[in-house]
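# Understanding the architecture of this molecule
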Amino acid sequence: MTSSAPVRVVWSREMLAYDFGHGHPMTSERLDLTIRLAEALGLLVGDDVELVGAEMASDALLQTVHTPAYVAAVHAASTDGTPDPVFGLGTSDDPVFPDMHEASARVVQGSVDSALAVWEGRALHAVNVTGGLHHAMPASASGFCVYNDAAVAIRALLEAGVQRVAYVDIDAHHGDGVQTVFWDDPRVLTVSVHETGQALFPGTGHARETGGPGAEGTAVNVALPSGTGDAGWLRALDAVVPAVVRAFDPDVLVTQHGCDTHLLDPLTHLRVSVDGQVLAAHLLHDLAHEVADGRWVALGGGGYAVVDVVPRSWTHLLGIATHHPVDPGTQIPDEWRSLVRERYGRLGPDLMTDGRDARFSPWSSGYDPGNDVDRSIRATRAAVFPSLGLDPDHD
Ligand SMILES: [Zn+2]
Ligand SMILES: [Zn+2]
């Protein structure tokens, strides 16, 4: 029924307003460069793609996840620029910027519209690279995130009658905000594969975090050692994500594609390539078709290698979601490279690949107790697989 529906891509120039200002890692230039690259490669035209902006989410919608006091504080900070550290506003991570409320509420509405369009069959898949703001908490801003668009979108799906939603977060940082919101809710599976909290913000996401009372087994965390590259990262995704998502049997799959796992990312210590990220996006796309009739909402997230990584990684994501995957060997169009030269005074990447073959050996090939990636995977499987009716030791 949905196969002829278009793929929805959330975008308008207004989305660039979510920007913490000069010198802050979360610059909206990352979004601008992404969309310009996708356009230059011809991905955002055609009958099968629908490019749509977003209105601002209402306060009532935001309050399905956030407290009224916090929403009021964001409004106030947005209007008069007053920092409010009680609510995480005006910190070095989350400085107040003009129209902060408006920009943040627009990101939320983009993800909510995407989720409902997919659920109602008006879109086959939907992508909001401006979203994935997974650290925002019910009562505070955190980690460059003001409102939690992913959590509000999942809440909107539940209110629309969806029985089960799976959320898979492959950002380098733990998806702590989304996990917190649905900790006690057995209808939402949150899965996060990230660099260990011992080395990276926000410090949580240990394998033993598996969900609250009545929702045991609906939080899944893989905490990987710093320095993990393609082979280990993909092995971890493959050893955990498909099994837990299949066991949960969701109606809709929501994914967060933070690309700060890359070896060039300035804020993290994983060593994944664009080629590894592409393989992960394929895996999640295939999984959505397998378990949820293709009902897939893909969100952006972190990613601070603004020129060298984010545009390529998310252009690939857009290509996969629109069923026009970009060949990794594709040359980056001159018009995009000229723009980079004008703005940054240097050349950007010239190919859509990092030249890695992003291979990994599957978990079924055996477990090496001397390997610290394998020990992390094993800890997650042991902690959570039994609650989902799965055997930690066998596939
Ligand atoms: Zn991140
Ligand atoms: Zn598809």
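Quick notes on the rules
Along each chain, numbering runs from 1 in the same order as the chain's sequence is written. Lettering of chains starts at A and numbering of ligands starts at 1, both following the order in which they are written. Whole-chain, interface and lining totals are the exception, using all residues; otherwise, since this is a predicted model, local features are given only for residues with pLDDT of at least 70 and side-chain atom pairs are given and counted only at 80 or more. As a convention, hydrogens and water are excluded, and side-chain values are obtained from all of the structure's heavy atoms. UniProt positions are given in the numbering used here, feature names are shortened, and annotations may be inferred rather than shown by experiment. Metal coordination here is assigned from N, O and S atoms located within 2.8 Å of the ion, or within 3.2 Å for Na, K and Ca; omission of water means that sites may look incomplete. When four donors show all angles between 85 and 135 degrees the site is tetrahedral, when four or six donors have opposite pairs over 155 degrees and all other angles between 65 and 115 it is square planar or octahedral respectively, and in every other case it is irregular. For helices the rule is a DSSP run of H or I covering at least 4 residues; for strands it is a run of E covering at least 2, with both sets numbered from the N terminus onward. Between buried and exposed lies partly exposed: a residue is buried under 20% and exposed over 50% of the maximum accessible area for its type, with that area taken using a 1.4 Å probe on protein chains only. Here, a salt bridge means any side-chain nitrogen of Lys or Arg that lies within 4 Å of a carboxyl oxygen of Asp or Glu.

Looking up the chain in an unreviewed UniProt entry gives the name Acetoin utilization protein AcuC, with the organism given as Cellulomonas humilata. The heading Pathway (unreviewed entry) in the UniProt record of the chain holds the text "Ketone degradation; acetoin degradation." A UniProt comment under Sequence similarities (unreviewed entry) is attached to the chain, and it reads "Belongs to the histone deacetylase family."

What follows concerns the coordination of the zinc ion (ligand 2). Binding of the zinc ion (ligand 2) to the protein goes through His125 (NE2), His285 (NE2), His289 (NE2) and His323 (NE2), at separations of 2.0 to 2.1 Å. Relative to the metal, the 4 donor atoms surrounding the zinc ion (ligand 2) lie at angles of 99 to 142°, and the coordination shape comes out irregular. Read N to C, the donor residues that coordinate the zinc ion (ligand 2) are spaced as H-x159-H-x3-H-x33-H. Taken together, the residues histidine 285 and histidine 289, both in helix α8 (residues 274-292) and 4 residues apart, mark about one turn of the helix. Using a relative accessible area of 8% as the deciding quantity, one classes histidine 285 as buried. Taking the relative accessible area as the measure of exposure, histidine 289 reaches 35% and is therefore partly exposed.

With numbering aligned to this structure, UniProt lists the feature "domain: Histone deacetylase" (unreviewed entry) at residues 24-318. Secondary structure content for residues 24-318 is 38% helix and 12% strand, and the end C-alpha separation is 25 Å.

What follows deals with the pattern of salt bridges. According to the stated counting rule, one finds 16 salt bridges in the structure shown. Across the pair arginine 312 and aspartate 354 runs a salt bridge, and its minimum N-O distance is 2.8 Å. A residue pair is termed long-range when its members are at least 10 positions apart, and arginine 312 in helix α9 (residues 310-321) and aspartate 354 in the loop between α10 (334-344) and α11 (372-384) qualify at 42 residues. Under the relative-accessibility criterion, arginine 312 is labelled buried at 3%. With a closest N to O distance of 2.9 Å, arginine 378 and aspartate 393 form a salt bridge. With arginine 378 in helix α11 and aspartate 393 in the segment after α11, this pair connects stretches of sequence that are 15 residues apart. The class for arginine 378 is partly exposed, based on a relative accessible area of 24%. Among the charged side chains, a network of salt bridges with common partners joins Arg13, Asp32, Arg36 and Arg343.

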